[in-house]
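Observations on chain architecture
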Amino acid sequence: MYKKAMVVALLLALCVVPFTSCGAAAKPTISYWSMWNKGEPQQRVIERAIADFEKEYGVKVDVKWAGRDVTNAIKPRLLAGENIDLVDQSAEELYGGVAANGISSRMNDVLDMQIPHEGKKVKDVIGRETYDAYIRKDGSLYIIPYSVVSAGFWYNKALFRELKIEPPTTWEQFLSVAGKLRKAGLDPLAFGLQTEVYRGYIPYHTAMRILGPGSLNAAASDRTGKLFEDPRWVEVGDILYAFSKKGKNIFMEGYESSVYPAPQMDWIMDRAGMFFCGSWIPVETRPAAGPDFEYGCFPFPVFKGQSGDPTAIECSPFGFGVLKNAKNEGLAKEFVAFFLQKKYAESWVNDTMNMTPRKDVPAPKELRDIRLSLSKAKTTFRKDDGVQADYPQWYAAVYLPVLGDVLSGNIDGTQFARQMRDETVKFWAHRK
């Protein structure tokens with residue numbers, strides 16, 4: 001009896017240390033790095049979903065709220081051998097900072113996963129337009145969106161009604177609206193040349209209209225520069241010159257030296273009639289908007305003889321990416337499908353005032369115009385046509401400086417196309 005008691009005691013001790021050797025196993029742990037900061041509305045929505053996921057799936061999600069530089073923050077840890085399963089960021093960051101380095105896992109299979117408690121597949125509830133521009137030529141998809149951003153010309157509907165102005169659809173109508181706003185004592189378009197994101201918006205949307213999606217990306221990577229010899233690039237340059245004070249004088253007074261957030265504040269205070277920006281602008285400007293301000297948005301105008309799809313619009317999603325060789329790849333993808341439940345999508349819209357990729361969840365009222373344009377689009381394109389993510393050095397060394405020249409009115413359309421060609425050739429000549 002004594003020997004049997006000793007054996008039983010020894011077995012019980014072995015079951016206690018270590019805990020995982022006998023009885024219940026330790027919970028699987030997903031390592032997740034997020035772009036949001038603790039306390040942000042977006043972070044709080046995701047945090048609630050994480051708590052629900054942990055309870056329902058019996059797992060642990062070890063989340064790091066790393067902020068906007070998350071894709072750079074994970075790189076040294078991955079190099080050191082640390083396992084990271086899941087990361088979220090903008091599509092451009094995930095493609096340029098993660099997928100381009102060969103450390104992303106394909107997410108195509110998530111599209112066929114079931115949304116928990118809904119009996120529907122992911123691909124059945126999210127709009128294809130929200131991720132279509134990020135499907136590569138080989139069919140690979142490295143992001144599943146949970147938030148959608150687009151861009152257009154923003155305006156105050158109340159102001160336009162007062163001035164009897166209808167949102168334009170063509171370039172000729174746009175010029176007419178600019179003239180009416182100028183006549184009413186307003187700058188037609190708020191703009192700040194010294195802020196990078198402002199400087200790039202109008203030029204690449206012009207190129208998307210005139211030459212079509214993919215045209216800027218292809219020309220940026222053309223070492224010969226010959227793609228910029230297409231006469232349509234002269235037309236792009238002429239349109240950009242027209243915005244300048246030496247052209248049609250559409251930009252606001254002092255735009256050459258204006259920096260963020262001055263232009264958007266001029267617009268929200270009705271000193272300027274329009275402002276071209278991303279769909280986050282209502283969130284940034286709502287505290288300064290007057291009680292009668294009504295957010296409206298219309299797509300970039302179309303041009304006679306353009307090659308691009310007239311319905312095409314930017315779609316820049318924020319979403320999840322799973323890392324290549326992640327230890328918990330399957331569970332990480334389960335969480336992605338879990339977070340796309342309707343209840344979390346509705347919280348995303350209501351709490352963060354952003355759009356969701358779910359087709360059955362309406363956008364906030366401030367974003368309904370731009371969401372309607374997205375739903376009607378036959379084609380979507382990446383922000384900056386993908387050049388900032390795919391060719392960041394070209395974007396900084398060639399694209400932005402030449403844009404500064406043409407938007408200042410220092411060069412015309414012919415000179416713009418020539419400089420883009422010549423500077424692109426010089427840039428690639430110094431790189432293998």
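Provided above is the structure to which this section pertains.
The following refers to the structure shown. All residue numbers here refer to positions counted from 1 along the written sequence of the relevant chain. Residues qualify for local features only when their pLDDT is at least 70, as the model is predicted, and side-chain atom pairs are given and counted only at 80 or more; totals for whole chains, interfaces and linings, by contrast, use all residues. Side-chain figures throughout are based on the complete set of non-hydrogen atoms in the structure, without hydrogens or water.

Section: the overall build of the protein
When helices and strands are counted, the protein shows 18 helices and 13 strands. Seen through its principal axes, the protein has C-alpha atoms that stretch 105 × 55 × 35 Å. Between two residues, a contact is recorded if the distance between any of their heavy atoms is within 4.5 Å. Residue pairs at least 24 apart in sequence account for 76% of intrachain contacts in the protein once pairs closer than 6 positions are excluded. Charged residues are defined here as Lys and Arg on the positive side and Asp and Glu on the negative side; His and the ends of the chain fall outside this count. Lysine's charge is taken at NZ, arginine's at CZ, aspartate's at CG and glutamate's at CD. Considering the protein, the positive charge centre built from 55 side chains and the negative charge centre built from 52 side chains are found 3 Å apart. Per the convention used, a helix needs a DSSP run of H or I reaching at least four residues, while a strand needs a run of E reaching at least two, with both numbered from the N terminus.

Description of the pairing of strand β12 (residues 316-322)
For every residue, the accessible area (1.4 Å probe, protein chains only) is compared with the maximum for its type, and the residue is labelled buried under 20%, exposed over 50%, or partly exposed between those bounds. The buried fraction of β12 amounts to seven of the seven residues, a majority that puts the element mostly inside the structure. In this structure, strand β3 (residues 86-90) lies alongside β12, joined through five bridges in antiparallel fashion. Within the sheet, the bridge partner assigned to D88 lies in β12 and is F320. Pairing between two strands is assigned when DSSP locates at least 2 bridges connecting them. Examined bridge by bridge, strand β6 (residues 144-149) and β12 share five bridges and lie antiparallel to one another. Each residue of the ladder has a partner; that of V149, found in β12, is S316.

A look at the nonpolar core
Among the nonpolar cores identified, the biggest contains 81 residues, and W154, W233, F243, W267, W394 and F416 are the most heavily contacted of them. It is helix α17 (residues 392-407) that provides the largest number of residues to this core, a total of nine residues. Non-local contacts of F243, meaning those with residues more than four positions away in its chain, are made with W171, F174, L189, I202, N249, I250 and F251. The next biggest cluster of nonpolar side chains, apart from the first, holds 54 residues, and it includes A99, Y131, L340 and W348. As used here, the term nonpolar core means buried Ala, Val, Leu, Ile, Met, Phe, Trp, Tyr and Cys residues forming a set that is joined through side-chain atoms within 4.5 Å.

Brief notes about the side chain of D187
Assignment of secondary structure puts D187 in strand β8 (residues 187-190). A relative accessible area of 18% means that D187 is categorised as buried. Polar contact is the term for a pair of N or O atoms within 3.5 Å; when the atoms are in protein, one must be able to donate a hydrogen and the other to accept it, and sequence-neighboring residues count only if both atoms are side-chain atoms. Looking at D187, its side chain comes within polar contact range of the main-chain nitrogen of E253, at 3.3 Å. The residues touching D187, leaving out its near neighbours within four places in the chain, are R182, M252, E253, R271, A272 and G273.

With respect to the packing of aromatic side chains
Stacked, tilted and edge-to-face are the three classes assigned to paired rings of Phe, Tyr and Trp, where Trp is represented by its six-membered ring and a pair needs centres within 6.5 Å; plane angles under 30 degrees give stacked, over 60 edge-to-face, the rest tilted. Under the criterion given, the structure shown has 50 aromatic pairs. Relative to F339, the ring of F335 has its centre 6.3 Å away and its plane inclined at 25°; by these criteria the two rings are stacked. Pair noted here: F335 and F339 are both in helix α13 (residues 329-339), with a separation of four residues, about one helical turn. Owing to a relative accessible area of 1%, F335 belongs among the buried residues under this scheme. Take F339: its relative accessible area is 3%, and that puts it in the buried class. Consider the rings of Y391 and W428, whose centres lie 6.0 Å apart with planes at 85°: the pair is edge-to-face. With Y391 in the loop between α16 (387-390) and α17 and W428 in helix α18 (residues 413-429), this residue pair connects regions lying 37 residues apart in the sequence. Over the face of the ring belonging to Y201 we find K383, whose NZ or CZ atom lies 5.4 Å from the ring centre. Criterion for a charge above a ring: Arg CZ or Lys NZ at most 6 Å from the ring centre, at most 35 degrees from the ring normal. Just above the ring of F427 sits the side chain of R431; from NZ or CZ to the centre is 3.7 Å.

Examining the sheet that holds β12
Overall, mixed pairing links the five strands, which are arranged β2-β1-β3-β12-β6 in an open sheet. Pairing within the sheet leaves two strands with one partner each, and these edge strands are β2 (60-65) and β6. This sheet shows a mean twist of 20° between the axes of neighbouring strands, independent of strand direction. Axis angles are defined between N-to-C directions and span 0 to 180 degrees, where every axis is a line fitted to C-alpha atoms and, for a helix, only to the segment in contact.

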